[in-house]
Structures are given as C-alpha cells and as structure tokens.
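Architecture at a glance
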Amino acid sequence: MKKALSLVLAAAMAFSFAACGGSTSTAGTSAAGSSGTASTGAASAGTSTGSASGAAIKIGGIGPLTGGAAIYGNAVMNGAKLAVEEINAQGGLQFELNFQDDENDSEKALNAYNTLKDWGMQVLLGTVTTQPCLTIAPETASDNIFLLTPSASATEVIQEDNAFQVCFTDPNQGVASADYIADNGLATKIAIIYDSSDAYSSGIREKFVEEAAAKGLEIVADEAFTSDNKTDFSVQVQKAKSSGAELVFLPIYYSEANLIIQEMNRQGCTAQVFGCDGLDGLLTIDGADTSLFEGVMLLTPFAADAQDEKTQNFVAKYQEQFGDIPNQFAADAYDGVYAILAACEQAGVTADMDASTICDMLKGAMPQITLDGLTGDGMKWEATGEVNKAPRAVKIVNGAYSAM
Amino acid sequence: MEFLSYLINGISLGSVYAIIALGYTMVYGIAKMLNFAHGDVIMVGSYIVFIAVNQMGLPPLVAIVLSMAVCTVLGIVIERFAYKPLRGASSLAVLITAIGVSYLLQNLALLIWGADPKSFTSVVGIPPLHLAGGQLVISGETIVTIVVGAIIMAGLIFFVNNTKMGRAMLAVSEDKGAAQLMGINVNSTIAMTFAIGSALAAVAGVLLCSAYPTLQPTTGAMPGIKAFTAAVFGGIGSIPGAFVGGILLGIIEIMSKAYISTQLADAIVFAVLIIVLLVRPTGLMGKKISEKV
Amino acid sequence: MNSLKTMKKSTRSNLVTYGIVIGFYVVMQLLVSGGMLSNSMQGMLVPICTYVVLAVSLNLTVGILGELSLGHAGFMSAGAFSGAVFWVIAGVNMPAPLGLALAMLIGGVVAGVFGFVIGIPVLRLRGDYLAIVTLAFGEIIKNVLNAIYLGWDSNGLHFSLSDSAALNLEEGGEVIINGAIGITGMKKASTFTAGIILVLLTLFVVLNLVNSRAGRAIMSIRDNRIAAEATGINVTKYKLMAFITSAFLAGMAGVLYALNMSALAARKFDYNTSILVLVFVVLGGIGNIRGSIIAAAVLYVLPEMLRGLNDYRMLIYAIILIVVMIFNQSPQVVAWRAQVWEKLSTIGFFQKLAKLKKQSKGEA
C-alpha cells in the first residue's frame, strides 16, 4: 500500500511542479488577500482597479498574516489597502497591492518574495517584522527592487541603499526615550523589562542602557523575557518593585505591556510606565480595563484618537472596513504607500517601467520628498533609508492620549 | 520574604499548568494518545467565555458552563472525525493527526476572532489575600485555581476508581481487546474520555486566562507544551502525578527566573525535566513498566 | 536488463531511489536553463533538499531505530550555527564549494557531537518519555542559542550570554551572533547542486547503513530489544550509531539551510520545525526512505501552492494533513481501498496495473 501512496504522491508532485513552472505570472495574481476580520466583502480595490486598467504599479507586501505575529501583518495589510484604494480613487498614478503571508518566518518570507517576483512586483512594501526583513533586504538589494518597510526597525534592515523605513530605527527610540526621561526629570531609578528574543525590543534596550548611563540615569533592574515565556511576568515585576524603581521602561509591544501593567497593579507596584511606539494600541485592546493604563507615557508617532482631520478620516474608514481601531502598524503602512506615491510622482515613475529602473529612480527621489502623514508632519528621508520625524511624547489621561 | 513571594508566584503558575496537565493525562492514560490539540481546545474555551461575558453580557458562571458544553461537543467531534478512524493505526499516525487538528483550531480561531489580542477579564470575584502586613499577596485567581485543581483531581480519582464508567475507562486503558470481550463499549468509553478531557480544558482555559489575561489564537500552544511536560514530569497517565508535576514545574520555572536567568528559564525547566526522567524514567509518580519477554 | 533482474531486490530498489533524485535534478536544471521555472519554484529547490535530508535522517531514528524524536530541529540548529560561524570567519575567503563543504562538515560534526552527548542519557528512555526529552533538548538548544552573543576580533572569539556590549570587542571587531537577532549579512553559498549532492550523500549513508550488518542489528533492536540483546547485540552501541548518524546528517542539512539565506536566527528551530519534519516522515511512511523524500518535497511545496487561497491557506493545509493521514493510515480506509482495488482490477487496464503492483509487492 505504501507503493500506491508514493505513486499518488509522486503524481501530485509532478502536477504541482508542472503547475508551478507553467503559471509563472498568473498564479496568485489576485491574491491581494482579504482581511481576517468581519469586513463585509471588502475585496481589495487595489486588485480590481489595478487589473482593470492594466497600468498600475505593482506593490508587493510581505508580513505575518497567520501565526503569533498575525496582528502586525494584518494591520499593515489593511492600512496599505486603504491607502491604495484612496490613491486609485483619486485618479493619477494607479497602484495594485498583493500582500503575501510569511508567518513571521524568514524562509517563508523568501518564498513569499519569490512568489511576488513571479507576479511582477515593482516595489516592495515590507517586510512587516524585523527578522524576515533581515533576509529579504539583501535579496532586494541584489535584485535591485525598491524596499520600503513600514515597521521593521533594526538598523541592519536599511544597510543597503535600496531600503527605506517608515518607522523609527530602534537605536533612535532608545536614545530618544532616555533623553526624554532624563531631560524632563521623570525619574532617576529605572527598571527595564524587555523581550530578549525580539530584535525590536533588544535593539531599543541596548541603546537605552548606553544613553541612560551617559545621562546619569540609574538602571536598577534589567529583566528579560522571551517570546516562548511571555505570559507570566510576576518575577520581572517583583524585581522591578523591590529594586525601588521609580519608572519602568517597556520597549515592547502592547499585548505584553497589558499583562505587565496588570501584574504591576496586582502586586501594588506604583512606578510610572514609559514605553515606545510598540505600546500604541494599549487603549484599543478588546476587553481591557483602560483605567489601569492611566498615566502610561509613550513616545509614539501615531495616536488613533488624535484630533487632526487626516487621522480621524483614516480611523473612521479603517473601522468601517475592518471593524478594528487601527494601530501604529496600520498607520505606518498607510504612510508608506503615500511615500511611495510621492516618490513615484517626484521621479516620474510610470507603471510600464521595470522594477530595477523604478528602484534607481525611487532611491534618488526618496531623500527629496516631504510627506505629511499620519505618523508625522514633514517626514523626510535620509539617503541611508532612515526617516526623520519627531516622536511625540504622550500620556494616557482619562482613557485618551494627551500631549506632554 | 522575597523567597516566599516567589514561591507563591510559582504555585500560582504551577496550578495553571496542573489543571491543564490533568486534561492531558486523562486522555493519555486512557486513550494512550498524545493529544497535541489539547492546548488549542483550551484556547477555544477561553474565547467562548470571552465572547459570552464581554459581548453577550452573560454572567461568568453561565459563560463557563456554556464554554464547557461547547468544548465537550468539540472534543467529541474531533475524536469522532479525526482520531476514531485511526484507532488501531500506529500511535505516531494519531500524533500527527492531533497536530493537524491543532493547526486547524488555531487557524479557525484566527479567521473567526482575528489576530488582535483580547484582554480577558478575570471571572474570579475573590479579592486578593494580603499576608504579613501586605508584603505577601496571594491573588484570588491563585486560590481559586488551586482549589478547583484539587477538586478536579479528587473528582477524577473518585470517578475513575468508583464509578462504572470510570472502571470501564481503566479497563480500556489496560487492554482494549480484553475490555471489549468483557462487554465494555470501547468506542463510547474513549469518546467519554475526550468529552471529560475537553470539558476540563474549558475550565483550564478560563483559569489560565483569568490568571494571565490575554487571549490570542496561539494562547493555548505554549501552556499546552508546558503542561504536557508537567504531565510527563509527574508520570503521564497518573492523575495525582499531573497535579504535583504541574505545581513543581511552575515553582521551578519561577525560581529559575528569579535566581538564575529570566532568559534561560525555559532551558532550565527542561533541563530539570531531563534529569528527573533520567533518575526516574517514568516520572515522579508514573507506573513502572514491566517488560514481557 | 538481465543484470537488472538478477540484481538483489534491495539494490534495485535503492537504484530507483537514487534515480528519482537524479531525475528530479536533471528535470529541474533543464527547466531552469530553459527559463521555464518560476522564481518561486527556483527559490524552493534548496529548501526542498534541506527538508529531504532532514526527513531521511529523522526516518533513520524514527523508522529504522524505532525511537520517536521531537528534537530534530535542535541538531539542525547546532549544525546551522556552527557551520555559519565557520563560514563567516573563514569560509567566505575560500572558493565557494570548498568553503561550503567544510562548513557542512563542521556543522555535521558538531551536531554529531550533540547527538552523542544527548544520546547517551536519552536512549535509556522509552517511547513517549524519549519523545518529550528530545523535545526538551531541542527547546534547550534554541533557548540557549537565543541568548548567545559571539564576537570576533584580532584576539580571537569573544563570548557572552548577556549582550553584545559585554563582548568587549576591540576596534574593528565584528559581532557574529547577536543574540536573538542571530547572524546577519551572510554571503549566501548554498546552491541546488550542493543540495542534491547532500541528498545523494545522505541516501548513500542511510541506505548503506540500513542494508549493512549494523543496520540489521539496529532494526532487530527496534523489533525486539530483548531478543536482540539476548543474541549478543550491543544495544547501546547500535542505538547511538543510528542516533549520531541521524544528528550528523541533520547538522549538515542545517548548514545548507543557513547558507541559503543571508540571515540566521535561532527562533526558527523550535519544536514546530521538528514536528514538521516528523510529519514528512510519517506521511511518507515510517521506515520508507523513498516515501520520506517524496513526502518532504510535496508537503514543502503544498503551502506555497495554496497561496492563492489567502486567508484559508493554513486552514486548508491543516485539513489536507488530517485527511491524508486518515486516508493513508486508518485501518478501515486501508481495507476499503484494498476492496476498491480488487473490484477495479476486473477491468482490463487496471488488471495490468494490478499485475505490476503484485510484482513490486513481491520485491518489498
């Protein structure tokens, strides 16, 4: 019977290779991915308009849509989708978006990248998470495809000159946080709780520690956790508490921060909480008791309840389509698509150019553009790929952000 | 005082592991299969309670009963369609199928409830216990988890040893063929085991998420592996072993976090497990396997 | 033709296995040179080789030795990291094939040493206890690798478990392993040809071992340990032999995997990867080497083929996994399949097939 099975499997393999080899550019073209939430038939407009007119610039996206990091990938996909829809509705340059899942895994990201190349991707918006991006960025450099990552924040990501970031780099945030705490005299004794298995978190923490020493801040507790062990924070919080820290620095994402803050409350730890852009999203966690987050401070470029028209528009549309309040990832992606648009217009890119030409033109155009986006006014890019925008320090007061 | 505080934290974590491990060991002991999907049934149970309490506004107790009912049905359905066809096949085949079921549940949850983490509101209404002038805090969740865990353990021991169905389960676990000859319906006995195991998973899910209030489609995966480790630690198949193994595992984990390294805590936990198994190859309370020649 | 018939059955079967691999290589190379192969497919060639080697080597432990291992990714990572460190320090400056070969050798040896160290205590355990201990070892290796910082300057290697600042590197020193971020900016070295050579080498080692005196001793331990012991077989020695060989090959596969990408992180090597390889082995048929090869290739490509299904991709994959498992292993379904086969074989065309099948059954 094993023979029969291997026969069947061999046939399946032959079939799959044939299908794979034959359909180089047709397979998965319309795979712009619908959202996992209760969007009512919100088929991505990017796909439909793009393929209809036939003259759209093909933007590929890569990020985790399934698995433990799915929240970030889905946010980026939805944010980008919204921007593409708006841009296409305006007329002018048309975009087509194809977003592929990488499960937050480098190997799958590479497969996704190759799939997108088969589709005819001209510009890459991604990857969402840092680890896969470290694998993909060198690939794009050797293929000469323009890369703009909304949220992969390690400096290694933008080593090559074709790679740009929408988010802050990790060292920037670490330094800015330490400076802010020291300059405003928030505290002198500081405890850090960070995710040592995450590039974002350990990157910020490393620079924070350096800068804190330079600014005369004392690190009284420096506790790590790992992605396999991120539900029980009793030890880390207790160490922070017994070290007499006046402020707990959390360079992590909001779902873990929620647990840490609840644990602090449980143990009666009254230190202030200070975080980076990863904490944005705390207030929108489904079912969370937001009264616990009173007084939490964070440096974030985006706030979903900001009063400016642009943000309110974005939030309203996002909620209508995807049923959730957008977080900073969605905003970064939205800005990323507009940055690509601005650079394309600046350089005069049209849809019939090949990826390599577009890459060369966009490389030159990126440092020239200025973008008023959701995550900052007057955003500018260095030729190195780093973004210049001012981090805003906000404090949670009465369940909403207020400027500090 | 610090040490005592860590100890309490350890027991608190351990009691959650213990309650998950009880479900694991129950299914393993009788059906002789590693149900890797157990952690994901826990996740489903937690989502049901979350939806029932936060969106439908049901009282927590009703929500828990509802969740137990859903999980019981889910457990029976999984057993009927995924595991039962493989009865008589190699145990590895069932293991792989269980992994398939685990992927299935996680991805279904992702599609239905989305990837955003939900903040679970504790269903435990008991205020924390303050000892030694407020220096030691024992949370209500810890107390409830330990008490519920002990009740479940006692209940399971009583059920298995003193009821007709329980004894049928024991017989099936000893020798399926002989049990069948004695007039025991093996299929329904195993289905019953899954029903009980899954109902326990619902309870475990509620307590897990009350103690560590975050809920994602992958919430069940790591606690599931840890609890499985705990069950092996205590001697898989042994009901008191699972309880003791869970508590010990929690204490070891917290102590190695507190005194050695928060980063390497998992490595230390697994190292202790290996050492224990080398000294006692069938776990702390496992039955010795006698070999037939 | 005559010599083919007089050949030993096992030899003939092995030749077919080698033939499949070489045939696959030739077809793929032809497609590539003809520009018929998509980027996506080309990108998957090296990973396919990696997983084939992993599946075959795990089959040695699970199928031939009969012990369930859930920590294969641990050996893979031990090999991947040691090979990659060698590659970054020294291999880059060598001619690519030599550097790659040496890196693989080093990766294999390191993984083999791990296999030895882990095997001695672990192989005393049985069944599910062995499985959980191998799982534990895999997780320990991953957890420790996640915390390792390794740097390199003119004074040699520097090592730390806290952070890269603690390495105290000199001016111009280079951080090689940066904790959880791992190794970044590596020059890629793995090629499809190298992958196929590794697959052939693996097959050569495993098939020869299985058909040797040692292999028969190992299988006798699987079938009845006590009887094997009674006939004077050194159980520990042969168990270790199989286990170390398996680890060695997994380590080499790890290097192939690592040098196929420019970044390497420990997080990849968790129990999910171990289980994925186990899925290949079980679906291909436990103990069936050829089955492992085919199952690894097909199942690796499958999720990629499902990309068009978007959100439902992993869901469908899970369902396929369950259905195939039941179709393949359920006693009732197997019996039903035999019945259907019987009925079909009354029809002319199928009679021929049935005849062929009977022949091949006689071989096996």
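As the structure is a computational prediction, the values presented were derived from the model and not from experiment.

1. Here's the deal with the overall build of chain C
- The helix and strand inventory of chain C stands at 15 helices and three strands.
- Whereas a compact globule of 364 residues would reach a radius of gyration of roughly 21 Å, chain C reaches 22 Å, a difference of no more than 12%.
- With the C-alpha coordinates of chain C rotated into their principal frame, the extents come out at 80 × 60 × 45 Å.
- When burial is assessed residue by residue, chain C has 52% of its 364 residues classed as buried.

2. Details of the interface of chain C and chain B
- Contacts between chain C and chain B engage 36 residues on the former and 37 residues on the latter.
- Within the residue set of the side of chain C that touches chain B, elements represented by two or more residues are α6 (127–146), α11 (271–284), α13 (313–329) and α14 (331–344) of chain C.
- Across the side of chain C that touches chain B, the residue classes break down as 28 nonpolar, four polar and four charged.

3. What about the sheet that holds strand β7 (residues 218–225) of chain A?
Residues and elements named next belong to chain A.
- Spatially, seven strands are ordered β7-β6-β8-β9-β10-β14-β15 in an open sheet, and the strand pairing comes out mixed. Of all the strands in the sheet, just β7 and β15 (400–403) have a single pairing partner and so form its edges. Adjacent strand axes in the sheet meet at a mean angle of 25 degrees when their direction is disregarded.
- As judged from the three bridges shared by strand β6 (residues 189–195) and strand β8 (residues 247–250), these two strands associate in the parallel manner. Note that in β8 the partner of Ile 192 across the bridge is Phe 249.

4. Topic: the sheet that holds strand β13 (residues 387–388) of chain A
- Across the sheet, which stays open at both edges, the three strands sit in the order β11-β12-β13 (chain A) with antiparallel pairing between neighbours. Two strands close off the open sheet at either side, each with one partner strand: β11 (370–373) and β13 of chain A.

5. Here's the deal with the pairing of strand β12 (residues 376–381) of chain A
All names here are of chain A.
- Taken together, the three bridges between β11 and β12 define a ladder with antiparallel strand orientation. By the bridge assignment for β12, Gly 373 is matched with Gly 376.
- The hairpin formed by β11 and β12 contains two residues between the paired strands.
- Sheet analysis places β12 next to β13, joined by two bridges and oriented antiparallel. Counterpart to Trp 381 in the pairing with β13 is Val 387.
- In textbook terms, the turn of a hairpin is the stretch between consecutive antiparallel strands, and for β12 and β13 this stretch comprises five residues, one of which, Gly 385, has a positive phi near 110 degrees.

6. So, helix α5 (residues 130–143) of chain A
Residues and elements named next belong to chain A.
- A rise of 1.5 Å per residue sets the reference length of α5, with its 14 residues, at 20 Å; its end C-alpha atoms lie 20 Å apart and thus fit the reference within 8%.
- Considering bend angle alone, the principal kink of α5 is centred on Ile 136 and spans about 25 degrees; proline Pro 138 follows within four residues of it.
- The buried fraction of α5 is high, at 11 of 14 residues.
- Those residues of α5 not exposed but buried are Thr 130, Gln 131, Pro 132, Cys 133, Leu 134, Thr 135, Ile 136, Ala 137, Pro 138, Glu 139 and Thr 140.
- Summarising the contacts, the buried residues of α5 are in contact with β1 (57–63), α4 (106–119), β3 (123–126), β4 (146–149), β5 (163–165) and α7 (199–214).
- Following α5 by one or two positions, Asn 144 has its phi on the positive side, about 55 degrees.

7. Let's talk about the packing of helix α3 (residues 39–64) of chain C against helix α7 (residues 192–210) of chain C
Residue and element names in this part refer to chain C.
- Put simply, α3 and α7 touch, their axes get as near as 8 Å, and they point 15 degrees apart. Here α3 is positioned roughly parallel relative to α7, judged by the angle of their axes. Crossing of α3 against α7: the hand is left-handed. Between α3, through Leu 45, Val 46, Cys 49, Thr 50, Val 52, Val 53, Val 56, Ser 57, Leu 60 and Ile 64, and α7, the contact on the second element is made entirely by Phe 192, Gly 195, Ile 196, Leu 198, Val 199, Thr 202, Leu 203, Val 206 and Val 210.
- Looking at the contact of α3 with α7 residue by residue, the class counts come to 15 nonpolar, four polar and no charged.

8. A closer look at helix α9 (residues 221–234) of chain B
- With 14 residues, α9 of chain B extends 20 Å from end C-alpha to end C-alpha; this agrees with the ideal 20 Å at 1.5 Å per step.
- Taking burial as the measure, the 14 residues of α9 of chain B include 13 buried ones, the bulk of the element.

9. Quick word on the pairing of β4 of chain A
All names here are of chain A.
- Burial of the side chains of β4 extends over both faces: Phe 146 and Leu 148 are buried on one face and Leu 147 and Thr 149 on the other.
- Looking at chain direction, β3 and β4 are connected through three bridges and run parallel. The residue bridging Leu 125 from the neighbouring strand is Leu 148, located in β4.
- With α5 bridging β3 and the parallel β4, this β-α-β connection has right-handed handedness.
- In the sheet, β4 pairs with β5 via three bridges, with the strands oriented parallel. By the bridge assignment, Leu 148 is partnered in β5 with Phe 164.

10. Quick notes on the packing of α9 of chain B against helix α10 (residues 239–259) of chain B
All names here are of chain B.
- At a minimum axis distance of 7 Å, the contact between α9 and α10 shows a crossing angle of 120 degrees. The orientation of α9 relative to α10 falls into the category oblique. The handedness of the crossing between α9 and α10 is right-handed. Contacts between α9 and α10 involve Lys 226, Ala 227, Thr 229, Ala 230, Ala 231, Phe 233 and Gly 234 from the first element and Gly 241, Ala 242, Val 244, Gly 245, Gly 246, Leu 248 and Leu 249 from the second.

11. Section: the nonpolar core
- Of all hydrophobic cores here, the largest spans 366 residues; its most connected members are Tyr 334 and Val 337 of chain A, Leu 22 of chain B together with Val 52, Ala 55, Ala 84 and Leu 256 of chain C.
- Setting aside residues up to four positions removed in sequence, Tyr 334 of chain A forms contacts with Gly 79, Ala 80, Leu 82, Ala 83, Phe 314 and Leu 374 of chain A.

12. Comments concerning the confidence of the model for chain C
- Averaged over chain C, the pLDDT score is 88; the fraction of residues at 70 or greater is 94%.
- In the predicted assembly, ipTM is 0.89 and pTM is 0.88.

Parameters and conventions
- Residues numbered from 1 in each chain as written.
- Chains lettered and ligands numbered in written order.
- Predicted model: local features only at pLDDT ≥ 70, side-chain atom pairs only at ≥ 80, totals over all residues.
- Helix = DSSP H or I, 4+ residues; strand = E, 2+ residues; numbered from the N terminus.
- Rg over C-alpha atoms; globule rule 2.2 N^0.38 Å.
- Buried ≥ 20, exposed ≤ 12 C-beta atoms within 10 Å, placed from the backbone.
- Contact = placed C-beta atoms within 7 Å.
- Nonpolar A, V, L, I, M, F, W, Y, C, P; charged D, E, K, R; others polar.
- Pairing = 2+ DSSP bridges.
- Axes fitted to C-alpha atoms, helices over the stretch in contact; angles between N-to-C directions.
- Expected span 1.5 Å × (residues − 1).
- Bend = angle between axes of the 7 residues up to and from the residue.
- Parallel < 35°, antiparallel > 145°, perpendicular 65-115°, else oblique.
- Left-handed = near helix turned anticlockwise from the far one by under 90°.
- Right-handed = clockwise from strand over helix to strand, strands pointing away.
- Core = buried A, V, L, I, M, F, W, Y, C linked by C-beta atoms within 7 Å.
- pLDDT = per-residue confidence, 0-100.

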